[in-house]
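Read off the chains here:
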Amino acid sequence: MKPLTTNDNSVIPKSYRALLLVMILASVLPIWATDHFPSQNGPWYLLASHVMRNYENPEFNYADYYIRHWHPIPHALHTYLMFAFSYVAPPLIAMKLALTVYAIALPLSIFYFLSIAAPDKRFLGFFAFVLIHHYTFYRGYHNFCLSIPLYFFNLGYWLKHKDDFKLKHSLIMAVMTSFLFVAHLFGFLLLACSIGWYRWIETKSFIKGTISAVTASWAGWLLLLDFIYLNSQENSWADPDELEFLRPHTAVEYVFRKFFYSMSVPAYILGAAMLVWPTYLLWRRVSQSSGSWGQKIRSTITHPMVALFLVLCVSYFFVPYKVINWHYANSRLLPFIFILALACAGPIPQWGKRQRGFQACFLATVCAAGIGIDLLMTWEVVEAEKKIANYTSGIEHFDANSTLLPIHLDNPARGQVRPLTRAHEYYNIAKGGVNNEGAAYFNTLVPIWYREYPVSKMLPDYDEKAPEESIQSISKVYDFVLVMGDDDELRTRLTNAGYLNVHTAGNVDLFRNQKKLGNKSSTSQGT
């Protein structure tokens, strides 16, 4: 492998492109390994995109229960991507294509960012391949995942033009920041604050920092004002009383566990172990500076990029863990911290006689770890697919355009992920109809809304504390009840209320409301 040379100013040097292609192909393997990608919340957004695509399709009755809400809201980009891909692919493939966009965009964004922030360290961009398959990705926070590369594309573009920022740059960033806003509000706010903080440290002028932040992100702020107004009129999800912070030792533990640990412990260990590289390079940033140790530290932390990195590190310990029904808030800073650390790296050491020993060692270990994570996660995905296939095996017995109540008495986990949490959505994706636990509950964060809120007015929940009364109300509304877990008493109550068990797979049972539907046979309907 040829060393980087000063005359190779491309974002991705030619000598690394073949390796980059191999790593990208390996990183998408878990996404394409099975029929269903087992992200915990993924089916939520897949149903939302499917409803949008088939809202006026007479084969589905989505319009009876949902309202399409075309609006530039945050946390919707992944849904819009799947909606777009659904014109050329069936739902499950559309989801994989949208996830593939993220898996490709993340390393490309890091290479782009480093080509501007630290051009002599572009090879560190391969660190991206130990970051792709992280906890929030498998948790199903796909809009947040898309916001990570969009943040670094935006920040890189601003860094490139900050000293000669003209109207055309402001207009281009208006488009870029709008995409970031629609991906995730957190990513947009972080970008605006990052630009303002960087410029403030660089110019020692708060006013100049504020002006830079506003001129770069003004379009997103206009969208935010609209979003605030929308929430003042309609909001079904925010809990103003929820606020939780992590204890310091728990926050330190979560740096590793709430990022690298999704479903595989060995993959968790591989990913966390690779943090030794940015840690080492940050140490070199300080140790290789001139002067006394006080001068070394002072000159390091006053650099704008290092100052940005440090303020995010400190913020991680002070940002709430849960706030207004939004969870893992502080953990969202971690991928940005890890990637910014690469741009803060000190001088690259020269190991070995050929003076390329460090690069070779870095690339060998990071790429090996990345491929190891990809293979380990592929195995986990295949194992999770068995559970999902078992859970969804009753779809052929589910009548078209029916109401469905999922009752999860048990919800098995793989690592820190529970792939069956939203798997009931596959029934309504395949056959239409509605359930009471869709993403539309979070109305102002999803481009489809239920027709009535609170949802329990239209689609009541099962109340374990009052089972008899609950079953009676359920039997008047739901055509099918999908039960996962062991509770013979519940099954007896359903039977007594007129439900017939039409399918059993392990501890998963599908009950059909015979009183409501009669004895007509199930209608098959594909996706």
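Everything below is about the structure printed above this text.
Criteria and thresholds
- For every chain, the first residue of the written sequence is number 1, and numbering continues from 1 along that sequence.
- Only residues with pLDDT of 70 or above have their local features reported here, since the model is predicted, and side-chain atom pairs are shown and tallied only from 80 upward, although totals for entire chains, interfaces and linings are computed over all residues.
- Only hydrogens and water are set aside when side-chain values are computed; all heavy atoms of the structure are taken into account.
- Helix numbering and strand numbering both begin at the N terminus, where a helix is a DSSP run of H or I of at least 4 residues and a strand a DSSP run of E of at least 2.
- When we talk radius of gyration, it's over C-alpha atoms, and the globule rule is simply 2.2 Å times the number of residues to the 0.38.
- Each residue's exposure class comes from its accessible area (1.4 Å probe, protein chains only) as a fraction of the maximum for that residue type: buried when under 20%, exposed when over 50%, partly exposed otherwise.
- We call two residues in contact when some of their heavy atoms are within 4.5 Å.
- Accessible areas in this description were obtained via Shrake-Rupley with a 1.4 Å probe; residue shielding takes into account the shown protein chains only.
- Here Asp and Glu are counted as negative and Lys and Arg as positive; His is not counted, and neither are the chain ends.
- Throughout, a charge is located at the NZ atom of Lys, the CZ atom of Arg, the CG atom of Asp or the CD atom of Glu.
- Salt bridges are defined as contacts in which a side-chain nitrogen from Lys or Arg sits within 4 Å of a carboxyl oxygen from Asp or Glu.
- N or O atoms within 3.5 Å of each other form a polar contact, as long as, within protein, one can give a hydrogen and the other can take it, and as long as residues adjacent in sequence are counted only when both atoms are side-chain atoms.
- DSSP bridges decide pairing: two strands pair if at least two such bridges lie between them.
- To estimate the expected span of a helix, subtract one from its residue number and multiply by 1.5 Å.
- For each structure, a 1 Å grid was placed over the protein atoms alone; sets of points admitting a 1.4 Å probe that cannot get out are labelled cavities, open sets with protein on both sides within 12 Å along at least five of seven lines are labelled pockets, and lining residues have an atom within 4 Å of a point.
- Grid points are joined across faces, edges and corners, and a volume is the space filled by probe spheres set on the points.
- Under the convention adopted here, Pro, Cys and the residues Ala, Val, Leu, Ile, Met, Phe, Trp and Tyr are nonpolar, Asp, Glu, Lys and Arg are charged, and Gly plus all remaining residues are polar.
- Pairs were defined over the aromatic rings of Phe, Tyr and Trp, the Trp ring being its six-membered one, requiring ring centres within 6.5 Å. Orientation was assigned from the angle between planes: stacked under 30 degrees, edge-to-face over 60, tilted for the rest.
- Criterion for a charge above a ring: Arg CZ or Lys NZ at most 6 Å from the ring centre, at most 35 degrees from the ring normal.

(A) Representation of the overall build of the chain within the structure. In terms of helices and strands, the chain carries 22 helices and 10 strands. For the chain, the C-alpha radius of gyration of 25 Å lies close to 24 Å, the compact-globule estimate for 527 residues. Projected onto the principal axes, the alpha-carbon positions of the chain cover approximately 85 × 50 × 45 Å. Within the span of the chain, comprising 527 residues, buried residues form 59% of the whole. Long-range contacts, defined as pairs at least 24 residues apart, comprise 75% of the intrachain contacts of the chain with a sequence gap of at least 6. Put simply, the chain shows about 21,900 Å² of open surface, and 60% of that area lies on carbon and sulfur atoms. Mean positive and mean negative side-chain charge positions of the chain (44 and 37 charges, respectively) differ by 15 Å.

(B) The side chain of D374, seen in detail. Among the structural elements, D374 can be located in helix 17 (residues 357-391). For D374, which is buried and forms no salt bridge, the nearest opposite charge comes from K96, at a distance of 15 Å. A distance of 3.3 Å separates a polar atom in the side chain of D374 from the backbone nitrogen of S27. Sequence-distant contacts of D374, defined by excluding residues within four places in its chain, comprise M23, A26, S27, P30 and H133.

(C) The arrangement of the pairing of strand 10 (residues 508-513) in detail. Most of strand 10 sits out of view: 6 of its 6 residues are buried. Of the two faces of strand 10, the one carrying V508, L510 and R512 and the one carrying D509, F511 and N513 are both buried. Note: strand 8 (residues 480-484) against strand 10, 5 bridges, orientation antiparallel. Note on strand 10: the bridge partner recorded for L482 is L510. In this structure, strand 9 (residues 499-505) lies alongside strand 10, joined through 6 bridges in antiparallel fashion. Its bridge partner lying in strand 10, Y499 is registered against N513. Taking the residues that link successive antiparallel strands as the turn, the strand 9-strand 10 hairpin has 2 residues, and the phi of G506 there is positive, at about 65°.

(D) Representation of helix 9 (residues 185-203) within the structure. If you check helix 9, its first and last C-alpha atoms are 27 Å apart, about what 19 residues at 1.5 Å a residue would give, namely 27 Å. Buried residues of helix 9: L185, F186, G187, F188, L190, L191, A192, S194, I195, G196, Y198 and R199, and no others. Buried residues in helix 9 make contact with helix 7 (142-161), helix 8 (167-183), helix 10 (206-233), helix 15 (304-318), strand 4 (326-327) and helix 16 (334-343).

(E) Quick peek at the layout of surface pockets. In this structure, the largest pocket occupies an estimated 990 Å³ of space. Lining the largest pocket we find 41 residues, and of these H75, H184, W326, H327 and R332 sit closest to its centre. Secondary-structure elements contributing two or more residues to the lining of the largest pocket are helix 3 (42-53), helix 7, helix 9, helix 10, helix 15 and strand 4. The element best represented in the lining of the largest pocket is helix 9, accounting for 7 residues. Among the residues making up the lining of the largest pocket, the classes are represented as 25 nonpolar, 13 polar and 3 charged. Of the voids in this model, the second largest pocket is the one considered here, and its volume is about 380 Å³. Along the walls of the second largest pocket sit 17 residues, with V255, F309, C313, I337 and F338 positioned nearest its centre.

(F) Structural detail: the packing of aromatic side chains. This model, assessed by the stated rule, comprises 51 aromatic pairs. Ring geometry for W70 and F83: centres 5.6 Å apart, planes at 65°, overall edge-to-face. Here the residue W70 occupies a position in the loop between strand 1 (66-68) and helix 4 (77-85), and F83 occupies one in helix 4, the gap between them amounting to 13 residues. Aromatic ring contacts, followed pair by pair, group F113, F144, Y151, F152, F186, W326 and F336 into a single cluster. Of note, R53 hangs over the ring of Y87, and the distance from its end group to the ring centre comes to 3.9 Å.

(G) Structural view of helix 3. Counted at 1.5 Å a residue, the expected span for helix 3 with its 12 residues is 16 Å, and the 17 Å between its end C-alpha atoms agrees. Within helix 3, 11 of the 12 residues are buried, which leaves it mostly tucked inside the rest of the structure. Residues of helix 3 that are buried: G42, P43, W44, Y45, L46, L47, A48, S49, H50, V51 and M52.

(H) A look at the sheet that holds strand 6 (residues 434-435). Spatially, 6-5-8-10-9 is the arrangement adopted by the 5 strands of the open sheet, whose pairing is mixed. This sheet does not close on itself; its edge strands, each paired only once, are strand 6 and strand 9.

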